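Each chain, letter by letter, is given below.
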Amino acid sequence: MPIRTATHPLKMIPSNISLQRHETLRSGLLRVINLLTDSVTDNPSNHSSNGEQEIHEVRTTIKRLRALLRLIRPAIDPKFFNRENARLRGAAGLLSFARDTEVARETLKTLPVSNQTEQEAVSSVLSSLESRGDVANDPEQAMAEVRRRLEQTRRNFHRLELAGTEREILESGLGAVYRQGRKRMNIAIRRGQDIGFHRWRIRAKNLYYELQFLESMWPKRLHRLISHLAELQDNIGLDHDAAVLRAWLKKSPESFGGDGAVQRVVTCLDSRTRELREKAVPLGRKIWRDKPGRFAREVVRHWHKR
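Residues numbered from 1 in each chain as written. Predicted model: local features only at pLDDT ≥ 70, side-chain atom pairs only at ≥ 80, totals over all residues. Heavy atoms only, no water.

Remarks on a positive patch on the surface
1) Next: On the surface, a cluster of positive charge is contributed by Lys220, Arg224, Lys286, Arg289, Arg294 and Arg297.
2) Next: Every element with two or more residues in the positive patch is listed here: α10 (219–251) and α12 (292–300).
3) Next: Mapped onto the secondary structure, Lys286 falls in helix α11 (residues 259–287). (Patch = residues over 30% accessible without salt bridge, like charges linked within 9 Å, V, L, I, M, F, W, Y side chains within 5 Å. Areas by Shrake-Rupley, 256 points an atom, 1.4 Å probe, with all protein chains shown as cover. Salt bridge = Lys/Arg side-chain N within 4 Å of Asp/Glu carboxyl O. Lys, Arg positive; Asp, Glu negative; His and termini not counted. Charge placed at Lys NZ, Arg CZ, Asp CG, Glu CD. Helix = DSSP H or I, 4+ residues; strand = E, 2+ residues; numbered from the N terminus.)

Below you can see the structure in the form of structure tokens.
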């Protein structure tokens, strides 16, 4: 997989996956679901041996579909949500392709070091990673199964009826994700644990993709929030990459150059984590400054002003 890159909405997100001014919620959802699904099922090159970027984009597409599913969760049968969420999560899992190992390598290559001793330790650990053999899924077979699952999800979405008014659905769905993100942020900050920041990141991504879909409702405010969320994701995403590598090293230091080299690299990773979280925390507090109910109501009251 490629090194993590910035996800600024103006550069990465086509405008046609946002709700259009003339659309109902259901018609907009189905149009975007069709576009996202077609981007995978109509592109046979995604399984090629040189298709790392395409695989990354397919995984991102699946995350968008899961975020849209979560947005309408209050208006659908829990069984439908659980079934389709599990289908999409499983599809993403088929595309792992030794991703953690590649991310670990890229994390090491870009890890700031302050002296020659630290550089030698990083080189030693990196050399051990480069020599590792990884067992991966067959790319072609995995992509075929991903396409099959996405087509099934598409068909199920088209048969779905939403319960409630559009404003009720959006206010409830958006409010729930915003509330969960705010709660997870507070837990992450209070406890300072890697798992807490990872869980916060998941809901930040959900909110990011949902607001991209809803941006036309309140362009000025939501564009700014989307930009903040893109920056936040970059910071806590890199933090998660560092956490995964740190856990690997501590679990079996003998596999990565020994205790001395591992401890020096872990010290560098700890410093990097502090730096990233010092950026993420104030940004998160800016994003989640509102009470969830008020935030959702403020966004949804612009529904008929599109």
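Side note on the side chain of Asn235
1) Next: Counting through the fold element by element, Asn235 comes out in helix α10.
2) Next: Note on Asn235: relative accessible area 8%, which makes it buried.
3) Next: Look past the residues within four positions of Asn235 in its chain and what remains in contact with it is Leu276, Lys279 and Ala280. (Buried < 20%, exposed > 50% of the residue type's maximum accessible area, 1.4 Å probe, protein only. Contact = heavy atoms within 4.5 Å.)

Thoughts on the packing of aromatic side chains
What characterises a pair of aromatic rings is the spacing of the ring centres plus the angle enclosed by the ring planes.
1) Next: Scanning the entire structure with this criterion turns up 6 aromatic pairs.
2) Next: With centroids separated by 5.8 Å and ring planes inclined at 55 degrees, the aromatic side chains of Phe197 and Trp200 adopt a geometry described as tilted. A residue pair is termed a helical-turn pair when its members lie 3 or 4 positions apart in one helix, as Phe197 and Trp200 do in helix α9 (residues 194–214) at 3 residues. Accessibility classification places Phe197 together with Trp200 in one group, the buried group.
3) Next: Aromatic ring contacts, followed pair by pair, group Tyr178, Phe197, Trp200, Trp288 and Phe295 into a single cluster.
4) Next: Just above the ring of Phe81 sits the side chain of Arg73; from NZ or CZ to the centre is 3.9 Å.
5) Next: Sitting over the ring of Phe197, Arg277 keeps its end group 3.9 Å from the ring centre. (Phe/Tyr/Trp six-rings, centres within 6.5 Å; stacked < 30°, edge-to-face > 60°. Lys NZ or Arg CZ within 6 Å of the ring centre and 35° of its normal.)

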